[in-house]
Amino acid sequence: MSDLTPASPRGSAPFRPSTALLTDHYELTMLQATLDSGRAERRSIFEAFGRRLPAGRRYGVVAGTGRILEMLADFTFTSEELQFLESRKVVDSTTLDWLADFRFSGDIRGYAEGEVYFPGSPLLSVEATFAEAVVLETMILSALNYDSAVASAASRMSRVAGSRPCVDMGSRRTHEQSAVAAARATVVAGFTSTSNLEAGRRYGLTTVGTAAHSFTLIHDSEREAFEAQVRSLGSDTILLLDTYDVDEALTTAIEVAGTELGGVRLDSGDLGIQAAEVREKLDALGAINTRITVTSDLDEYAIAGLAAAPVDAYGVGTRVVTGSGAPTASLVYKLVAHSDDAGEWVSVQKKAAGKSSTGGMKEAARIIDGTIAVEEAIGIPRLELPDDLEARPLQVPLVTGGEIDHAYTGPEGVQRARERHAASMAELPRTAHRLQAGEPAIPTVFYSA
């Protein structure tokens with residue numbers, strides 16, 4: 001199978017384990033109780049949304065949708081999962097029988113992955129029976145919350161980096177599976193590549209990497225290390241300069257690799273000052289095309305601070321995989337409507353102070369003035385706007401009658417999401433790109449049909 005081939009559906013080679021237990025205990029106890037009450041088969045609409053953006057942010061970025069669809073394909077209860085639930089007495093025999101036959105048969109629609117969003121945006125809507133929709137809650141939120149947090153941070157970083165590429169190097173700073181998700185999310189939001197090989201294999205991402213300080217330290221001298229690296233990887237490799245003394249390392253690097261050296265990396269100290277000094281010396285030595293990459297706990301503010309420095313690329317680690325201060329997007333998944341005994345839709349909403357929701361099925365669009373977004377318009381249950389307003393619909397079908405649209409999964413899904421993000425960012429007003437704390441870039445307005 002090609003590395004660029006989307007993952008096979010469950011049941012075909014290669015085997016992938018069930019995702020059904022990537023959930024919370026209480027999802028299944030609610031299932032059992034509604035099976036008992038007779039409400040489990042009630043048609044329902046659940047919605048994922050954020051009540052607010054992380055403090056200071058002007059917009060958020062939707063990410064994780066493709067991963068949700070991939071996990072949904074494997075969301076089945078095999079004998080192994082059922083035996084575990086029975087042994088722990090999590091649910092009764094009636095519920096176990098229901099789970100044994102579970103295959104999601106509902107509809108899911110939502111914002112296209114890569115889209116920007118604002119408070120109240122209906123990012124994902126699941127229409128199915130209560131039983132089918134409620135068991136998906138934890139899986140949906142875990143992917144959306146983490147991936148959107150990472151993508152939102154990566155978007156701010158790649159935006160201030162401008163034409164200089166950002167590379168994800170955060171795998172060593174998070175859980176091994178989160179590292180794969182983070183790499184994917186950063187590329188959706190504008191990063192060019194990742195150091196994570198599994199992300200490269202699974203999603204067709206470009207992977208990069210050369211050497212760490214340990215490579216220099218294992219050799220008897222820095223010169224020996226550089227000679228080994230250039231001999232093995234070629235003169236277009238990137239040599240790490242700050243194991244000992246940057247100035248001496250740079251001299252040695254050019255002596256070893258010549259003026260065609262591909263690049264050098266700086267990982268400590270005052271990066272702006274060091275980059276200027278290194279650039280000056282590289283040019284003086286004739287290595288005018290040798291690129292400078294900087295790393296070392298970069299975030300959007302540090303990258304913005306290096307805008308005037310002669311830096312060619314940024315390697316970002318801890319800050320991007322932890323959402324740069326906002327490790328979760330704080331999205332929630334709430335029941336907003338269900339059918340009554342006559343088959344009519346009834347809107348429901350939570351009214352608790354500070355944690356309220358807006359009931360009803362929703363239709364969302366972004367109002368555009370010329371080429372600039374001015375409003376997030378959300379209609380309940382439909383959006384009816386005057387003909388003189390230009391509005392771009394925001395929701396797309398992701399699952400129809402249980403059938404997953406695989407155009408949003410695998411490498412193809414990442415590329416589509418990346419393109420959607422670039423187009424969405426181009427619509428935002430200039431205020432959206434400020435790093436200073438402020439209100440959302442555009443207001444969210446609800447309309448009742």
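Residues numbered from 1 in each chain as written. Predicted model: local features only at pLDDT ≥ 70, side-chain atom pairs only at ≥ 80, totals over all residues. Heavy atoms only, no water.

The name recorded for the chain in an unreviewed UniProt entry is Nicotinate phosphoribosyltransferase, from Brevibacterium gallinarum. On record in UniProt, under Pathway (unreviewed entry), the comment for the chain is "Cofactor biosynthesis; NAD(+) biosynthesis; nicotinate D-ribonucleotide from nicotinate: step 1/1." (UniProt positions renumbered as here; feature names shortened; annotations may be inferred.)

Talk me through the overall build of the chain; I want residue IDs and the actual numbers.
Broken down by element type, the chain carries 15 helices and 19 strands. In terms of overall size, the chain behaves like a compact globule, its C-alpha atoms giving a radius of gyration of 25 Å where 449 residues would be expected to give roughly 22 Å. In terms of principal-axis extent, the alpha carbons of the chain reach across some 80 × 55 × 40 Å. Residue burial in the chain is summarised as follows: out of 449 residues, 52% are buried. A separation of at least 24 residues holds for 73% of the contacts in the chain among residues at least 6 apart in sequence. Counting every atom, the chain has about 19,900 Å² of accessible surface; 50% of that belongs to carbon and sulfur. Counting 42 positive and 61 negative side-chain charges, the chain places the centres of these two groups 4 Å from one another. (Helix = DSSP H or I, 4+ residues; strand = E, 2+ residues; numbered from the N terminus. Rg over C-alpha atoms; globule rule 2.2 N^0.38 Å. Buried < 20%, exposed > 50% of the residue type's maximum accessible area, 1.4 Å probe, protein only. Contact = heavy atoms within 4.5 Å. Areas by Shrake-Rupley, 256 points an atom, 1.4 Å probe, with all protein chains shown as cover. Lys, Arg positive; Asp, Glu negative; His and termini not counted. Charge placed at Lys NZ, Arg CZ, Asp CG, Glu CD.)

Account for the sheet that holds strand β7 (residues 193-194), naming residues and giving values.
Sheet strands pair by backbone hydrogen bonding; their relative direction is either parallel or antiparallel. The strand order β7-β6-β11-β10-β9-β8 describes an open sheet built from 6 strands, whose pairing is parallel. Where the open sheet ends on each side, the last strands, each with one partner, are β7 and β8 (238-240). Direction of pairing for β8 relative to strand β9 (residues 263-266): parallel, over a ladder of 3 bridges. Its bridge partner lying in β9, Leu-240 is registered against Arg-265. (Pairing = 2+ DSSP bridges.)

I'd like a rundown of the sheet that holds strand β19 (residues 444-448), residues and numbers included.
Reading across the sheet, the 4 strands line up as β16-β14-β15-β19 and stay open at both edges, with mixed pairing between neighbours. Of all the strands in the sheet, the pair left with one neighbour each is β16 (390-393) and β19. The sheet shows a mean angle of 35° between the axes of neighbouring strands, direction not considered. Across the sheet, helix α15 (residues 410-427) is in contact with β14 (363-369), β15 (372-380) and β16; its angle to β16 comes to roughly 155°. (Axes fitted to C-alpha atoms, helices over the stretch in contact; angles between N-to-C directions.)

Residues and numbers for the domain arrangement of the chain, please.
Segmenting the chain into domains produces domain 1 (2-135 + 330-444) and domain 2 (161-324). If you average the C-alpha positions of domain 1 and of domain 2, the two centres end up 37 Å apart. Facing 18 residues of domain 1, the contacting portion of domain 2 comprises 19 residues. Regarding the contact of domain 1 and domain 2, the summed buried area is about 1,400 Å², with carbon and sulfur atoms giving 57% of it. For the domain 1 face of the interface with domain 2, the top three residues by lost area are Val-414, Arg-418 and Leu-435, together amounting to 41%. Linking domain 1 with domain 2 are 1 salt bridge. (Domains from an automatic or database assignment. Buried area = accessible area lost by both parts, 1.4 Å probe. Salt bridge = Lys/Arg side-chain N within 4 Å of Asp/Glu carboxyl O.)

Could you give an account of the packing of helix α3 (residues 79-87) against helix α4 (residues 93-100), with specific residues and numbers?
Between α3 and α4, the shortest axis-to-axis distance is 11 Å and the interhelical angle comes to 165°. The pairing of α3 with α4 is recorded here as roughly antiparallel in orientation. For α3 against α4, the interelement crossing comes out right-handed. Where α3 approaches α4, its residues Leu-82, Leu-85 and Glu-86 are matched on the opposing element by Leu-96, Leu-99 and Ala-100. For the contact of α3 with α4, the class distribution of residues is 5 nonpolar, no polar and 1 charged. (Parallel < 35°, antiparallel > 145°, perpendicular 65-115°, else oblique. Left-handed = near helix turned anticlockwise from the far one by under 90°. Nonpolar A, V, L, I, M, F, W, Y, C, P; charged D, E, K, R; others polar.)

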